[in-house]
Amino acid sequence: MSKKRFNRRDFLKTLGITGAAAGAGLVLPRTILSEHAQKQIFEASTAHAAEKNGGQSYDVKPGQLDPYYGFWSGGHSGEVRIMGVPSMRQLHRIPVFCMDVGSGYGITNESKKLLKGTFVGDTHHVHGSYVNGTYDGKWLFVNDKGNNRVARIRMDYMETDAIVNIPNAQGMHGTFPQRYPKTEWVVTNTEFQVPVPNDASNKANFNKPQNYYGMHTILDAATMGIVCQIMLDENVDLAACDYQGKYSMSTSYNPEKGVTLAEYLAADSDYLIVFHWERIRAALKAGKYKTISGVRVLDGRKGSDLTLRIPVPKNPHGINISPDGKYGVCSGKVSPTCSVVELAKIDEAFAGKIKPEKCVVAQPEIGLGPLHTTFDGRGNAITSVFIDSTNVKWNLDRAVKGEKKPHVHVLDISYQVGHIMATMAETKEADGKWLVSLNKISKDRFLNVGPLKPENEQLIDLTGEKLVIVKDEPAYIEPHDVIMVRRDLVESKVKHRYNMADHPMAVHKNEIVRKGNDVIVRMTANAPVYGFQEVKVKKGNKVTFYVTNHDEITDLSHGFNISNYNVNFVVSPYQTKSVTFTADKPGVHWIYCTNFCHALHLEMRMRLIVEV
Ligand code: RUQ
Ligand code: CUA
């Protein structure tokens with residue numbers, strides 16, 4: 001392990017930034033736009049920009065629907081958002097790891113069961129389930145970096161239906177579903193290394209970072225159980241699955257097991273780690289695992305035949321597979337390069353016929369701080385470049401033929417881009433229509449709203465030779481990643497009402513059941529009345545309300561707010577939700593509907609009388 005102290009100038013030098021550029025600062029975004037950038041922005045702001053560039057319009061007129069669903073992670077808001085693309089209209093927010101007092105997620109008994117009291121979450125990577133390399137519209141999967149969880153969202157209702165807590169792991173990051181033949185497994189990575197297990201039984205290792213490990217965890221998509229974990233000596237960052245159902249892969253860094261910034265950066269070369277699924281299945285079958293914290297843990301450290309380590313520079317970040325399934329592009333982050341890995345060569349390397357480094361068939365120099373790569377389905381890659389604040393479009397074939405700068409176009413963005421994603425780009429049906437650049441910093445691009453500024457997500461027309469910005473969109477904390485899915489793959493699967501039988505306690509008959517100290521109120525909501533006008537309980541009673549919405553009309557939801565009791569939730573057509581609380585405040589407490597449902601919506605209310 002390096003004992004070298006972290007030196008900022010050295011760090012900048014490793015990035016190729018010296019002199020004045022180093023003084024200008026690595027992390028501070030540029031505020032003075034180049035003439036070139038100003039011209040681009042001017043062009044974008046003129047109505048003709050889109051027409052000049054292939055003719056597609058981003059204007060979605062009133063009453064029209066967007067051609068794409070965009071599924072955005074919400075970062076440390078803990079949610080997932082649905083946007084229309086290209087209108088960039090925010091259509092819905094799906095609370096996942098967080099509380100949402102609007103819908104009652106985190107308040108109702110049903111959602112509490114999912115959250116188990118933990119409502120701090122950090123969603124980064126949202127991906128859809130696949131059949132034959134394209135989305136099947138069934139599930140979304142999303143990670144929680146903050147509390148080591150992965151959640152599943154069912155797309156027919158667009159709501160979270162499962163959350164799994166993952167032991168032996170920390171900093172759950174890159175998460176990716178199997179793409180072929182269909183999503184049976186979902187992989188997820190730990191960006192932090194920790195003692196395994198990470199509990200009192202292992203306290204001898206708390207202060208021994210050399211005995212910390214990373215994990216590549218495999219989940220069963222249907223049950224959301226943990227299939228197994230593969231233990232590693234590295235921090236594993238982003239994840240991807242191939243288009244053949246053979247391999248998952250992860251960028252990794254810090255094989256030196258450092259615990260300080262200088263130490264993470266010590267090695268010049270890190271790895272793309274590839275996981276051999278057939279061998280993993282065989283090892284599980286043969287019982288070659290240890291059970292730790294109730295999970296089967298396989299050893300994937302150096303020397304294991306379950307893993308292949310392809311050297312790539314340096315603290316690499318994104319790993320993205322080209323839509324034809326041929327190449328994996330590893331974005332260098334601390335190296336200005338992208339490493340292009342030919343997936344067919346991975347078979348040979350696993351078979352020992354070639355050295356792992358021979359899997360890298362190109363290493364073009366893209367710019368300073370390449371983070372993530374996406375594809376237009378026409379042979380071009382587009383890479384987000386953080387320090388340069390650019391989106392770089394480059395040609396894969398030209399790179400593989402040995403060109404060091406296979407650039408097609410460099411677009412200045414505003415500012416400091418993290419992820420970028422093109423429409424359908426993580427499927428074999430990448431269509432190269434729109435690109436979204438998720439920029440971390442907006443600086444001066446919007447009205448000043450205080451010290452906490454929005455981010456800036458720029459919509460870019462991808463149909464022409466050049467990338468053209470057509471829209472700036474502010475975003476609240478802090479989307480990392482997005483997928484944009486063709487409307488026809490989703491729309492027909494999304495329901496207008498629940499199935500009443502979804503909830504075992506759906507209410508068909510209004511009743512109040514008293515058992516000892518428990519009061520169970522089973523009640524309908526039917527515009528504009530609840531099933532009861534009043535409910536009387538005694539101070540100290542444990543009260544549970546089940547509320548079922550009996551309105552079947554599209555878009556007729558009811559709210560349920562109990563004054564003074566910190567309770568609110570929404571029930572949509574044929575949905576049932578419940579809440580349990582102790583009636584500790586005597587008095588009259590009006591329960592009222594919070595969701596505008598009827599001309600007499602304001603009259604939709606009842607009394608809860610807590611007697612002494
Ligand atoms: S990772 S940019 Cu999760 Cu790039 Cu955020
Ligand atoms: Cu029911 Cu408003």
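Above this text is the structure in question.
Residues numbered from 1 in each chain as written. Chains lettered and ligands numbered in written order. Predicted model: local features only at pLDDT ≥ 70, side-chain atom pairs only at ≥ 80, totals over all residues. Heavy atoms only, no water.

Asks: Any details on unusual backbone geometry? Residues and values, ideally.
Replies: Between Val196 and Pro197 the backbone carries a cis peptide bond, its omega angle lying at -5°. Checked against the element boundaries, Pro197 lands in the loop between strand S9 (185-192) and strand S10 (214-220). In the segment running from Ala527 into Pro528, the intervening peptide bond is cis, with an omega of 0°. Locating Pro528 in the fold gives a position in the loop between strand S32 (518-526) and strand S33 (529-530). For Asn254, which is not a glycine, the phi torsion comes out positive at approximately 60°. Take Asn254: it is sitting in the loop between strand S13 (247-253) and helix H6 (261-264). Asn254 sits in the buried class, given a relative accessible area of 1%. (Helix = DSSP H or I, 4+ residues; strand = E, 2+ residues; numbered from the N terminus. Buried < 20%, exposed > 50% of the residue type's maximum accessible area, 1.4 Å probe, protein only.)

Asks: With reference to specific residues and values, describe the nonpolar core.
Replies: Core analysis: the largest hydrophobic core is formed by 71 residues, its most contacted members being Phe71, Trp72 and Ile280. Ile107, Val537, Phe545 and Tyr565 belong to the second-largest nonpolar core, a separate cluster that totals 29 residues. (Core = buried A, V, L, I, M, F, W, Y, C linked by side-chain atoms within 4.5 Å.)

Asks: Any details on the site of ligand 1? Residues and values, ideally.
Replies: Every residue near ligand 1 is listed here: His124, His125, His173, His317, His372, Gly418, His419 and His480. Taken together, the residues that form the shell around ligand 1 break down as no nonpolar, eight polar and no charged. (Near = heavy atom within 4 Å. Nonpolar A, V, L, I, M, F, W, Y, C, P; charged D, E, K, R; others polar.)

Asks: I'd like a rundown of the sheet that holds strand S3 (residues 90-95), residues and numbers included.
Replies: Two modes of strand pairing occur in sheets, parallel and antiparallel, and in both the strands are linked by backbone hydrogen bonds. Across the sheet, four strands lie side by side as S3-S2-S1-S30; this open sheet has antiparallel pairing. Pairing within the sheet leaves two strands with one partner each, and these edge strands are S3 and strand S30 (482-486). Strand-to-strand twist in this sheet, taken as the mean axis angle between neighbours without regard to direction, amounts to 20°. With five bridges connecting them, strand S1 (residues 68-73) and S30 associate as antiparallel partners. Its bridge partner lying in S30, Gly70 is registered against Met484. (Pairing = 2+ DSSP bridges. Axes fitted to C-alpha atoms, helices over the stretch in contact; angles between N-to-C directions.)

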